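# Observations on the model geometry
Chain residues, written in single-letter form:
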Amino acid sequence: DTEVTQTPKHLVMGMTNKKSLKCEQHMGHRAMYWYKQKAKKPPELMFVYSYEKLSINESVPSRFSPECPNSSLLNLHLHALQPEDSALYLCASSQDQYEGAGTEAFFGQGTRLTVV
Amino acid sequence: QKEVEQNSGPLSVPEGAIASLNCTYSDRGSQSFFWYRQYSGKSPELIMFIYSNGDKEDGRFTAQLNKASQYVSLLIRDSQPSDSATYLCAVSTSNTGKLIFGQGTTLQVKP
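Presented here is a report on the structure given in the accompanying data block. (Residues numbered from 1 in each chain as written. Chains lettered and ligands numbered in written order. Predicted model: local features only at pLDDT ≥ 70, side-chain atom pairs only at ≥ 80, totals over all residues. Heavy atoms only, no water.)

### Regarding the sheet that holds strand 8 (residues 73–79) of chain A
All names here are of chain A. Our working rule: Paired strands, as defined in this entry, are two strands with at least two bridges between them according to DSSP. Segments assigned H or I by DSSP are reported as helices when at least four residues long, segments assigned E as strands when at least two residues long, and all are numbered from the N terminus. Angular values range over 0 to 180 degrees, each being the angle between N-to-C directions of two axes fitted as lines to C-alpha atoms, with helices fitted over their stretch in contact.
Strand order in this open sheet of four strands is 1-3-8-7, and the pairing throughout is antiparallel. Here the strands that pair on one side only, and so sit at the sheet edges, are strand 1 (4–7) and strand 7 (64–70). The sheet shows a mean angle of 20° between the axes of neighbouring strands, taken without regard to direction. Bridging between strand 7 and strand 8 involves five bridges; their strand directions are antiparallel. Bridged to Asn70 within strand 8 is Leu73.

Here is the structure:
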């Protein structure tokens, strides 16, 4: 089973709203990732958690706030977003973060976010 | 120079032919290489990964890695219309665990 589950699938929010994206995996993976993907572009890394600790923040604006409550769950809290933040937000997980076997990342189906 | 480069395509092949997708990377210390398939409006799906020089085969797919030339490729044999998608090459940069994607190559398999 290589399933990563993201909720919700679609989200429309206003610029003053607060919302959260959720991601769950039950593969025992210890690394979890948030990516952002705009249309016709590759995924861009936002955050990496390794063993429930934030290990990489790719200089993401503070209106995006990640949280890893436990080894199976990853949240992305959204506040005061801009229309240009509209994108597909992808969660991924891998057995481990660093080089070599076990770093294969499996993606969830994504949350398509529209900021109005 | 981009970290991971792919020809954006589209690459058009007839059904039953071999599709060859190529990728080059700039970080000589990279150790992990991945190919993802992404259908329009969907999320990336991992189809191949390779860590050692040489070829790795899985069904109709073969990944080829040449670290000396900093080159990784994906061959799809007996291409089917259902293979039509964008193929993303991804490289895990040395010591950081960051997965860097190329721009993707659009493959069109014509019946």
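### Regarding unusual backbone geometry
Which entries qualify depends on this criterion: The cut-offs for exposure are 20% and 50% of the maximum accessible area for each residue type, with area from a 1.4 Å probe on protein chains only; residues under the lower value are buried, those over the upper are exposed, and the others partly exposed.
The residue after Thr7 of chain A, namely Pro8 of chain A, is reached through a cis peptide bond having omega -10°. Among the secondary structure elements, Pro8 of chain A is positioned in the loop between strand 1 and strand 2 (10–13). The peptide bond linking Gly9 of chain B to Pro10 of chain B adopts the cis configuration, its omega dihedral lying at 10°. Secondary-structure assignment places Pro10 of chain B in the loop between strand 1 (4–6) and strand 2 (11–14). Positive phi outside glycine occurs at Glu52 of chain A, with the angle close to 70°. Here Glu52 of chain A is to be found in the loop between strand 5 (44–50) and strand 6 (53–57). A residue is classified by how much of its surface remains accessible, and Glu52 of chain A, at 35% relative accessible area, is partly exposed. Its identity is not glycine, yet Gln70 of chain B carries a phi of approximately 55°, on the positive side. Assignment of secondary structure puts Gln70 of chain B in the loop between strand 7 (61–66) and strand 8 (71–76).

### Things to note about the state of the cysteines
Our working definition: Cysteine sulfur atoms that come within 2.5 Å of each other are treated as a disulfide pair.
Inspection of every chain in the model, using the stated rule, returns two disulfides over all chains. Between Cys23 of chain A and Cys91 of chain A runs a disulfide, and the two sulfur atoms are separated by 1.9 Å. Residues Cys23 of chain A and Cys91 of chain A are joined through a disulfide that is left-handed, its torsion about the S-S bond being -70°. Here Cys23 of chain A, found in strand 3 (residues 18–25), pairs with Cys91 of chain A, found in strand 9 (residues 87–94); they are 68 residues apart in sequence, far enough to count as distant. In this structure, Cys23 of chain A and Cys91 of chain A share a single accessibility class: buried. Across the disulfide from Cys23 of chain B sits Cys89 of chain B; the S-S distance is 2.1 Å. Judged by the sign of its S-S torsion, about -70°, the cystine formed by Cys23 of chain B and Cys89 of chain B is left-handed. Note that Cys23 of chain B is positioned in strand 3 (residues 19–25) and Cys89 of chain B in strand 9 (residues 85–92), a separation of 66 residues in sequence. Residue Cys23 of chain B shares its accessibility class with Cys89 of chain B, and that shared class is buried.

### A few points about the interface of chain B and chain A
Quick note on the threshold: Only heavy atoms matter for contacts: two residues are in contact if any of them lie within 4.5 Å across the pair. By buried area we mean the combined loss of accessible area, with a 1.4 Å probe, across both parts when two parts are placed together. Every case where a carboxyl oxygen of Asp or Glu lies within 4 Å of a side-chain nitrogen of Lys or Arg is listed as a salt bridge. Within 3.5 Å is the distance limit for a polar contact, defined as a pair of N or O atoms, with the added protein rule that one can donate a hydrogen and the other accept it, and that residues adjacent in sequence qualify only through two side-chain atoms.
Each partner contributes residues to the interface: chain B has 25 residues there, and chain A has 25 residues. The contact between chain B and chain A buries some 1800 Å² in all, and 55% of this surface belongs to carbon and sulfur atoms. The interface formed by chain B and chain A includes one salt bridge. Taking the shortest distance from any N to any O, the salt bridge between Lys98 of chain B and Glu58 of chain A comes out at 2.9 Å. Our enumeration of links across chain B and chain A arrives at five residue pairs in polar contact (both at pLDDT 80 or more). Within the residue set of the side of chain B that touches chain A, elements represented by two or more residues are strand 4 (32–38), strand 5 (45–50), strand 9 and strand 10 (99–101) of chain B.

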